[in-house]
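Examining the three-dimensional arrangement
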Amino acid sequence: MFRTSLTRAVRPAALGRASGIAAQVQRRQAHAISNPTLVNIEKRWEGMPPQEQAELWMALRDRMKANWAELTLQEKKAAYYIAFGAHGPRALPPPGEGWKVAAYTAIGVGVSLAFFVVIRMFAGPSPGTMNKEYQEATNEYLRAQNSEPISGLSSEGYTGKGMVQSAPKKN
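Each chain has its residues counted from 1, running along the sequence as written. Restriction of local features to residues with pLDDT of at least 70 applies here, the model being predicted, together with a cutoff of 80 or more for giving and counting side-chain atom pairs; totals for whole chains, interfaces and linings are based on all residues. The side-chain values count all of the structure's non-hydrogen atoms but skip hydrogen atoms and water molecules.

Concerning the confidence of the model for the protein chain
On average, residues of the protein chain score 83 in pLDDT, and 81% of them reach the 70 mark or higher. The predictor attaches a confidence to each residue, called pLDDT, with possible values from 0 through 100. Contacts were defined at the residue level, with two residues in contact if any of their heavy atoms lie within 4.5 Å. Within the model, the stretch residues 22–30 combines pLDDT values under 50 with 4 contacts to residues more than four positions away or in other chains.

What follows is the structure, given as structure tokens:
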């Protein structure tokens with residue numbers, strides 16, 4: 001009971017001070033940001049020091065907390081550019097970057113092809129299992145073992161090639 005009466009007694013005083021502070025903040029932020037600060041912000045933003053960028057953004061953010069009808073056209077343009085403009089991660093790629101990517105990709109494919117050709121030149125002959133005769137013998141062995149009786153080599157009416165994938169053995 002005592003605690004409830006205390007909070008009721010203190011609350012109006014706290015609300016009065018809080019509304020006074022809010023009124024001071026609104027009055028302090030009521031002035032517009034100067035036009036020289038905002039002119040050509042699109043061209044100057046990347047070159048501005050980070051501290052100055054942060055100060056300008058905070059000033060604009062504070063201005064946007066008030067009625068937006070009171071914002072000047074320059075402030076609206078600057079706020080839009082800072083929030084959504086082509087800077088930072090949304091910046092346009094530098095000219096010629098597409099050609100660079102294409103060139104490096106072509107170089108990578110060319111080097112891979114060269115490795116492939118060199119390895120194939122020095123490789124030994126294909127293994128003995130990579131000929132048609134061996135693979136047909138494998139098919140017969142699998143049929144004798146009744147391997148895959150439902151849908152594979154040993155099933156009724158099977159018409160596939162089975163294990164045969166290579167050309168006949170060269171003499």
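Some points on the packing of aromatic side chains
When two rings of Phe, Tyr or Trp (its six-membered ring) have centres within 6.5 Å they constitute a pair, described as stacked for plane angles under 30 degrees, edge-to-face for angles over 60, and tilted for the intermediate range. Scanning the entire structure with this criterion turns up 1 aromatic pair. With a centroid separation of 5.3 Å and an interplanar angle of 50 degrees, the aromatic rings of Y80 and F84 are classed as tilted. Of this pair, Y80 and F84 both sit in helix α5 (residues 73–84), 4 residues apart, roughly one helical turn. Exposed residues in this analysis have more than 50% of their type's maximum accessible area, buried residues have under 20%, and partly exposed residues fall in between, with area computed by a 1.4 Å probe over protein chains only. Its relative accessible area of 54% is what places Y80 among the exposed residues. Secondary structure counts use DSSP, requiring at least four H or I residues in a row for a helix and at least two E residues in a row for a strand, with both numbered from the N terminus.

Overview of the nonpolar core
By convention a nonpolar core is built from buried Ala, Val, Leu, Ile, Met, Phe, Trp, Tyr and Cys residues, the set being connected through side-chain atoms within 4.5 Å. Core analysis: the largest hydrophobic core is formed by 10 residues, namely I33, L38, I41, W45, M48, L56, L60, A78, Y81 and I82. If we skip the residues at most four places from it in the chain, I41 touches M48, L56, A78 and Y81.

Let's talk about unusual backbone geometry
Its identity as a non-glycine residue notwithstanding, N146 has a phi of 55 degrees, on the positive side. Inspection of the secondary structure assignment puts N146 in the segment after α7 (132–144). Relative accessible area serves as the criterion here: at 46%, N146 is assigned to the partly exposed category. One non-glycine residue with positive phi stands out, namely E148, at about 50 degrees. Looking at the element boundaries, E148 is found in the segment after α7.

Some remarks on the side chain of Q53
Tracing the sequence through the fold places Q53 in helix α4 (residues 50–64). When residues no more than four places from it in sequence are discounted, the contact partners of Q53 are W45, E46 and M48.

Examining α5
Each residue after the first adds 1.5 Å to the expected span of a helix. Between its first and last C-alpha, α5 extends 16 Å over 12 residues, near the 16 Å set by a 1.5 Å rise per residue. Taken together, the buried residues of α5 touch α2 (35–38), α3 (41–44) and α4.

Looking at a nonpolar patch on the surface
On the surface, L113, F116, V117, V118, M121 and F122 cluster together to form a nonpolar patch covering roughly 660 Å² of accessible area. Counting through the fold element by element, V117 comes out in helix α6 (residues 97–122). For V117, a relative accessible area of 38% corresponds to the partly exposed category. Patch definition: residues above 30% relative accessible area lacking any salt bridge, with like charges linked at up to 9 Å and the nonpolar side chains Val, Leu, Ile, Met, Phe, Trp and Tyr linked at up to 5 Å. For accessible areas, the Shrake-Rupley method is used with a probe of radius 1.4 Å. Any residue's cover is judged against the shown protein chains and nothing else. Salt bridges are defined by distance alone: a side-chain nitrogen of Lys or Arg within 4 Å of a carboxyl oxygen of Asp or Glu.

What to know about the pattern of salt bridges
Under the criterion given, the structure shown has 4 salt bridges. Note that D62 and R61 form a salt bridge whose closest N and O atoms lie 3.9 Å from each other. Here K65 ties to D62 by a salt bridge, and the two come within 3.8 Å at their closest N and O atoms. Residue class for K65 comes out exposed when judged on its relative accessible area of 58%.

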